[in-house]
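What follows is each chain in one-letter form.
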Amino acid sequence: MKNNYTIHNQDSILEYSFIDATEEGVDYIKNPESFCSFDKGLIALLKKKGYSGDLCNVAEMTEYLMKKLEKIGSSIKKQTLFSWFSGKNRPKVEAGSRPKIYEICFAMELTYKETCWFFGHIYYDRAFNYHTIDEAVFYYAFLNGISYPEAQRMICEIEAAPSVATENNIEPNYTLFVQQRILEFRSEGELKEFLIANKENFKTWNISASKKIHELVSLLLDPPEMKERIDNLKRALTQKIEKKDIDELKLQREGEKIYRDCGLLMKEIFYDAKYPDKEYGNARMVPEESVMEFIRNRNTNSNSFLLERLLTTSCGIRKDVEIPYIVRNNFPSKKVISDLLSEEKISTSKSYDGIRKMIILLDFYRFWLSVKLKIGYTDIPKEELTEIYRDEANHCLYECGYEELYPGNPYDWIFLSSAYSEAPLVYLRSYITELDDVL
């Protein structure tokens, strides 16, 4: 469902993808007219579904939607709805707001595709976690035109039913398996039987996303067992910088061995030291000093090191920065990644926005570091590489149960604009630095 915002944002990706245009790119992100706000999206929804009243009259639109919400027994308050239509507030992208978004979709009698559009393009969050009972039922309901009260009745019956012997969870991606099974059901009875039989499997989720995040982090960071070797390297480099007696041939050989075994981020540091005229290297320093600048007093297997290399900061974006809530909310930080790397926390996390943002960030670096270091992507024109990146990123998100990159989402826009730059890694780091400096 392309609209003017989608086309406008797609065009702007190319317009601001130049290295010297990051400041203008930040201004674009800050401009409230650049992306579809929730109030504008809500009004667009009313228009799409045949509302014939005054699209400038907030009170009238609030009354119209409120009556529809009351018919389905919605929990949304009238003053809350008024604040959304007026643009004063928007629903937070967090677990507590998701039921309200579903209530709007049910009240407006949206189809499955319209619901996905409203979640992804207006609310900016994932539609349907098929691995939770309530949202699995909602998925079936929107596919089959079932009302909100009927969906709630089904959820209550499923949750009240005693657990039975569960099917073995042998699927590599259980969430997509559930989605496909529900798509095949032809009756409410089939759905209820399946969900009741699998109740135990619905107590944890985000399994594929957790696996992917751990996989990406392990590619980027050094293995834990390399700490002693990195510490030895630091001491040797310090001695060489201080011009103490040292076996340079032995140091060179050890450096080559470490390069083979280390993560992509450490490989990049070595690469930049060797080729200081390219991208992020420092031409004023000898290679030893360049390497030490980035690893001195740092654990190259830590979350802090990871985020510092990816975002030039380990703290995330400051809360007082005047950028869209959609970018600032759940922006990757030490706490966010620490929670997502905890199997206990991610297995019951409903912070789908935070999970998706972290996957996008990690996969962006996985791809473009591989390109920079010539690991698997050689002799491919830049234009083709960008399209390969989009395809791979979208596939990665799909495997984890998330929507593909969307230029109308300001967070996604940053990565897409970076990907179309001639130097994606430099552009993204410069953009984040510029973004965090804006007040």
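Provided above is the structure to which this section pertains.
Reading the values: rules and limits
- Residues numbered from 1 in each chain as written.
- Predicted model: local features only at pLDDT ≥ 70, side-chain atom pairs only at ≥ 80, totals over all residues.
- Heavy atoms only, no water.
- Patch = residues over 30% accessible without salt bridge, like charges linked within 9 Å, V, L, I, M, F, W, Y side chains within 5 Å.
- Areas by Shrake-Rupley, 256 points an atom, 1.4 Å probe, with all protein chains shown as cover.
- Salt bridge = Lys/Arg side-chain N within 4 Å of Asp/Glu carboxyl O.
- Lys, Arg positive; Asp, Glu negative; His and termini not counted.
- Charge placed at Lys NZ, Arg CZ, Asp CG, Glu CD.
- Helix = DSSP H or I, 4+ residues; strand = E, 2+ residues; numbered from the N terminus.
- Buried < 20%, exposed > 50% of the residue type's maximum accessible area, 1.4 Å probe, protein only.
- Expected span 1.5 Å × (residues − 1).
- Contact = heavy atoms within 4.5 Å.
- Disulfide = S-S within 2.5 Å.
- 1 Å grid on protein atoms, 1.4 Å probe; cavity = no way out; pocket = protein on both sides within 12 Å on 5 of 7 lines; lining within 4 Å.
- Points joined across faces, edges and corners; volume = space filled by probe spheres on them.
- Nonpolar A, V, L, I, M, F, W, Y, C, P; charged D, E, K, R; others polar.

Draft legend 1. Inspection of a negative patch on the surface at higher detail. A cluster of acidic side chains, namely Asp20, Glu23, Glu24 and Asp27, defines a negative patch on the protein surface. Within the secondary structure, Glu23 sits in helix α2 (residues 22-30). Classification of Glu23 by relative accessible area gives partly exposed; the value is 49%.

Draft legend 2. The pattern of salt bridges, seen in detail. For the structure shown, the criterion picks out 28 salt bridges. Of the charged contacts in the structure, one is a salt bridge between Arg153 and Glu157, with a shortest N-O distance of 3.0 Å. Of the two residues, Arg153 and Glu157 are both situated in helix α9 (residues 148-160); the distance of four residues between them amounts to about one turn of the helix. By relative accessible area, which is 29% here, Arg153 ends up partly exposed. The partner of Asp231 in a salt bridge is Lys234, and the shortest N-O contact between them spans 4.0 Å. Remark: Lys234 and Asp231 occur in helix α13 (residues 227-241); sequence separation between them is three residues, near one turn of the helix. Using a relative accessible area of 22% as the deciding quantity, one classes Asp231 as partly exposed. One continuous salt-bridge network, built from bridges that share partners, spans Glu150, Arg153, Glu157, Glu188 and Lys192.

Draft legend 3. Up close: α9. Taking 1.5 Å per residue, 13 residues should reach 18 Å; α9 reaches 18 Å between its end C-alpha atoms and fits that length. Contacts made by the buried residues of α9 are with α6 (98-107), α8 (133-144) and α11 (188-197).

Draft legend 4. Seen up close, the state of the cysteines. Overall, the coordinates contain zero disulfides when judged by the stated rule. Free cysteine Cys156: the closest other cysteine sulfur is in Cys105, separated by 20 Å.

Draft legend 5. Focus on the layout of surface pockets. The space that makes up the largest pocket amounts to roughly 1,000 Å³. Taken together, 39 residues make up the lining of the largest pocket; nearest its centre are Cys116, His121, Tyr402, Glu403 and Glu404. Mapped onto the lining of the largest pocket, the elements with two or more residues apiece are α1 (4-15), α7 (112-123), α10 (174-184), α21 (352-372), α22 (382-399) and α23 (410-419). For the lining of the largest pocket, the element with the highest residue contribution is α7, accounting for six residues. For the lining of the largest pocket, the per-class residue count stands at 19 nonpolar, nine polar and 11 charged.

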